[in-house]
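# Remarks on the overall topology
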Amino acid sequence: MTRPSGFIRNNPVAAVLIGLCPAAAVTGRVIDALWMSLGLVFVLVLTRVSEAILRGLNKAPSGQRPSRPEPLRHTQSSQSLTAGWLGRLFLASCFTASFEVILQAFAPDESASLGIYVSLIAINCIVLDRVSEQRALGAPKATGTEILRALQDSIAVGAGFAVSLMVISLVREVLGAGTITLFPVGSFGGTVVVGNVSLEPARALIYTGGGFLCLGYLAGVARLLGHVRRREREQSRPEAGPV
Amino acid sequence: MLVVSPAPHVGGLSSTRRLNWSVACCLLPAAAWGVFLFGVPALSVLGVALGASLAAELLAALAWRRVTLADGSAAVTGLLVGMLMPPGVPLYVPAVASAFAIIIVKQSFGGLGRNWMNPALGGVVFALFSWANAMNSWLPARGVAAGTGVLPPLNALRAALTGAKSAHRGALAVLGASSYPWSAADGRVVAWINTHILSLAGWSLPGGVFDMLVGNIPGRIGDVSVPLLFLGAAYLLGRRVIRWQVPVTYLVTFCVAAQIFGGLPMGCGWGTGGALFQLFSGSLVLGAFFMATDPVTSPLTGTGKLLYGMCLGVLSFFLRYFGSGGDGVPLAIVLGNCVVPVIDRFAQPRVGSPGKAAAG
Amino acid sequence: MSLLGIILTFSLVDNVVLSRLLGVCPCVGGPGGMRVTVSTSAATALLMSLSALAGWALQTFILAPLDLEFLRTPAFVLSVACIAGLLEVAARRMVPQLLRVAGVPLVGIAFNCATLGVVLIAVKGGFNALQSLVVGLAAGAGFFIALSLLTAIRERLEVEKVPSWLRGLPLHLISAGLLAYAFMAFDRAFLSRLFGGW
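So, how was this worked out
Numbering of residues starts from 1 in every chain and runs along the sequence as written. For naming, the first written chain is A and the first written ligand is 1, with later ones following in the order written. At least 70 in pLDDT is required for a residue's local features to be given in this predicted model, at least 80 for side-chain atom pairs to be given and counted, and no such filter applies to totals for whole chains, interfaces and linings, which use all residues. The contact criterion used is a C-beta to C-beta distance within 7 Å, with each C-beta placed from the backbone. Each helix corresponds to a stretch of at least 4 residues labelled H or I by DSSP, and each strand to a stretch of at least 2 residues labelled E; elements are numbered beginning at the N terminus. Amino acids outside the nonpolar list (Ala, Val, Leu, Ile, Met, Phe, Trp, Tyr, Cys, Pro) and the charged list (Asp, Glu, Lys, Arg) are all regarded as polar, and Gly is one of them. Per-residue confidence from the predictor is reported as pLDDT, which spans 0 to 100. Note on terminology: a nonpolar core is any set of buried Ala, Val, Leu, Ile, Met, Phe, Trp, Tyr and Cys residues joined through C-beta atoms within 7 Å. Put simply, a residue is buried when 20 or more other C-beta atoms lie within 10 Å of its own C-beta and exposed when 12 or fewer do; between those, it is partly exposed, and each C-beta is set from the backbone. Here the limits of each domain have been adopted from an automatic or database domain assignment. Only the contacting stretch of a helix is used when fitting its axis, a line to C-alpha atoms as for every element, and angles between N-to-C directions run 0 to 180 degrees. In what follows, roughly perpendicular refers to angles from 65 to 115 degrees, roughly parallel to angles under 35, roughly antiparallel to angles over 145, and oblique to any angle outside these ranges. Left-handed describes a crossing whose near helix is turned anticlockwise from the far helix by less than a right angle; the clockwise case is right-handed.

## Thoughts on the interface of chain B and chain A
- In this assembly, 6 residues from chain B lie in contact with 6 residues from chain A.
- Where the side of chain B that touches chain A is concerned, the elements lending two or more residues are α4 (92-106) and α5 (119-130) of chain B.
- For the side of chain B that touches chain A, the leading source of residues is α5 of chain B, giving 3 residues.
- Of the residues contributing to the side of chain B that touches chain A, the split by class is 5 nonpolar, 1 polar and no charged.

In structure tokens:
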């Protein structure tokens, strides 16, 4: 359980069912999805790592407690706003603010186009955190290991998020606008025009409904792949005992 | 006896089949009239829509391992999608709309009887937002010279009234004043009636009455056959294939609202809305009798149906007069579909916890 | 924008869920029937309006004058959390039975992307205090509309035999997508025609 899980199983968008909000809203263009994923990985990594550092600094009584596996979405009312949850949220929002500043400095057009959704990365992170807490069972180990594990985990989760967003944005932008918008590099303007589709693309996919549809089908496909993989694994283990 | 699972469930497959094929047969005369008026483009649009929906249904058969073409629902969906298209539309539009309707709106939810949105309308709404220009390009009526800026009477009326209140009373008068190109046949028929019949009583019909009645106007393929649609609907109602509650309430609510309030944007005052003009424009009759009555996507109880009809009437009124699409009917019915589960939930008498009872 | 215009815009035209894709989590993921829906939306609407007001206050009196715009996100997040906490305390004192509908703490649910999103939208829109409050309420009303429609659809889907790989969340999302397309019938042009005539 200490290895960071693979893309599909740990895929936050498809498999984990939470943290959906900014995802589909900003997948109208590939470059928007890229920047969102970058932002999420940035905030996620920094939040988790600093949290691991802080927990390490805070080792004594609170650190000895075995981490309680919180149920997925329901927290006890009195604990829902304890320092742990809130502190993490505050950390995440600070890092999100710094990402906003970076984005504003390096890509102001992108900042304008992403709008409020960049700020929502903070909430996204929190929701993802609450989900992956379930997997962090066992007593916390040495600080160094904790930090490394936080790093690995957050990068894996962020990568899964990025892949999902990329898939959705590719579908939406290619079919819905006939282009693929990327970073302008050198003489490359940044927009790839996809032949025939760009003449009369299905613009409805660019609207919010298209985002929901792509999200829904992606979640379904991920589940389907999970079924297939499970079936393959069961078949390759013919002597499996009663489960 | 409380039925919990949505329709169609009465009588099983054979009555569903009968329902769908009856509806398809009753649509054919209207479709044929549209083909007569618009020619080969209309025929190809209808053919592509039908073909695409049947192909999509076959594709779904691969997933369900059961071919469901015989139940007739794919045929009805294809026909409806085709009839909601303008005749000159590029052929990929009805193809994608039909495929979307069958695969995404119907089969993803489990196939016949399990969708909550009318498949044909779902596909058409998708096409409306995807290819807005194509869905708003019209072919001229028979006997009218092809010029630029061909518009159905409804759209032309709005264009004529935008910004300036008209001095004329009534939709046809406004259109006549803005020199809307009615056909030569219409001119002759109306002139004949005026001279030989109505002049005795001192009345006169404005130009365009014949064209509107007969359907010789630009519009979607299914918009132009209102009398034939009424005939088909009468047959279906008589044979109790469809129920009267939804279409009658829908049309009555809409016509009352249109007559009372419809004249206001035209500056003509109250009670001058021209409900008859509205009735014969756009997909109102097609929607009321053939799409709003879909048993799968309309409420289960009689009270629910009446409420649904009224909602549709009100929504259509607002969307037609103030909405962005010229004819608010497809979007109105789709919005009504969204509300149907809520209506069903509250119109159901309570037996234990709703939604958890065993499927009927 | 007039107050009525604000109400109609943020509940129908720019619906928080169906146009902005915020607040999707409780809409599609959670269990619970209509009662939970009503209480969740009520809590969310209250939280949204108070947070929008707080956001306006923060922006007007602290962030803008002191040129601290870049601290917007942490500031708003903290304010929303505080208000949520206060609401929970108040609810526990006054209406304890509401707090435990279906065993899920209301305020925990109410605090989702939608609330922070609405605060940001209200601040970006440059509304005054009363307008911000109304923006929050209207967004909450829109949230209620979307949530109740989706809940009813969800209840209907529960008894159907749907493809196994699409059962649950995928179909809820697809339904939300179809609902979003339907709601595109209400757009700004519609509102302006409604109020301003043709």
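## Notes on the environment of F290 of chain B
Residues and elements named next belong to chain B.
- With respect to the element layout, F290 can be found in helix α14 (residues 284-291).
- Sequence separation between F290 and G232 is 58 residues; the distance between their C-alpha atoms is 9.5 Å.
- Residues within four places of F290 in sequence aside, it is in contact with V23, L27 and L80.

## Focus: the interface of chain A and chain C
- Of the residues lining the interface, 41 residues belong to chain A; the matching set on chain C comes to 43 residues.
- Contributions of two or more residues to the side of chain A that touches chain C are made by α1 (21-25), α4 (83-106), α6 (121-132) and α8 (208-235) of chain A.
- Counting residues per element, the side of chain A that touches chain C draws most heavily on α8 of chain A, at 13 residues.

## Description of the confidence of the model for chain A
All names here are of chain A.
- Taken over all residues, the pLDDT of chain A has a mean of 74, while the share at 70 or more is 69%.
- Predicted confidence is poor over residues 1-15, with pLDDT under 50, and the contacts of this stretch with residues over four places away or in other chains come to 40 contacts.
- Note on residues 61-82: pLDDT under 50 across the span, and 29 contacts to partners over four residues away in sequence or across chains.

## Focus on the nonpolar core
- A122 of chain A together with V118, V135, L179 and A182 of chain C are the most contacted members of the largest nonpolar core, which totals 236 residues.
- Residue contributions to this core reach at least three from each of two domains, namely domain 1 (13-139 + 219-347) and domain 2 (153-214) of chain B.

## Re the packing of helix α3 (residues 73-83) of chain B against α4 of chain B
All names here are of chain B.
- Here α3 crosses α4 at 140°, and the two axes come no closer than 10 Å. Judged by the angle between their axes, α3 and α4 are oblique. Between α3 and α4 the crossing geometry is right-handed. Only P94, A97, S98, A101 and I102 of α4 make contact with α3, whose side of the interface consists of A74, T77, G78, V81 and G82.
- Looking at the contact of α3 with α4 residue by residue, the class counts come to 6 nonpolar, 4 polar and no charged.

## Thoughts on unusual backbone geometry
- For R240 of chain B, which is not glycine, the phi dihedral falls at a positive 60°.
- With respect to the helices, strands and loops of the structure, R240 of chain B is situated in the loop between α11 (226-238) and α12 (245-261).
- Despite not being glycine, L21 of chain C shows a phi value in the positive range, around 60°.
- In this fold, L21 of chain C is placed in the loop between α1 (3-13) and α2 (24-28).

## Overview of the packing of helix α2 (residues 30-57) of chain A against helix α7 (residues 143-177) of chain A
Residues and elements named next belong to chain A.
- Remark: α2 packs on α7, axes separated minimally by 8 Å, with the N-to-C direction vectors making an angle of 165°. The orientation of α2 with respect to α7, classified from their angle, is roughly antiparallel. Crossing handedness for the pair α2 and α7: right-handed.
- Grouping the constituent residues of the contact of α2 with α7 by class yields 20 nonpolar, 6 polar and 7 charged.

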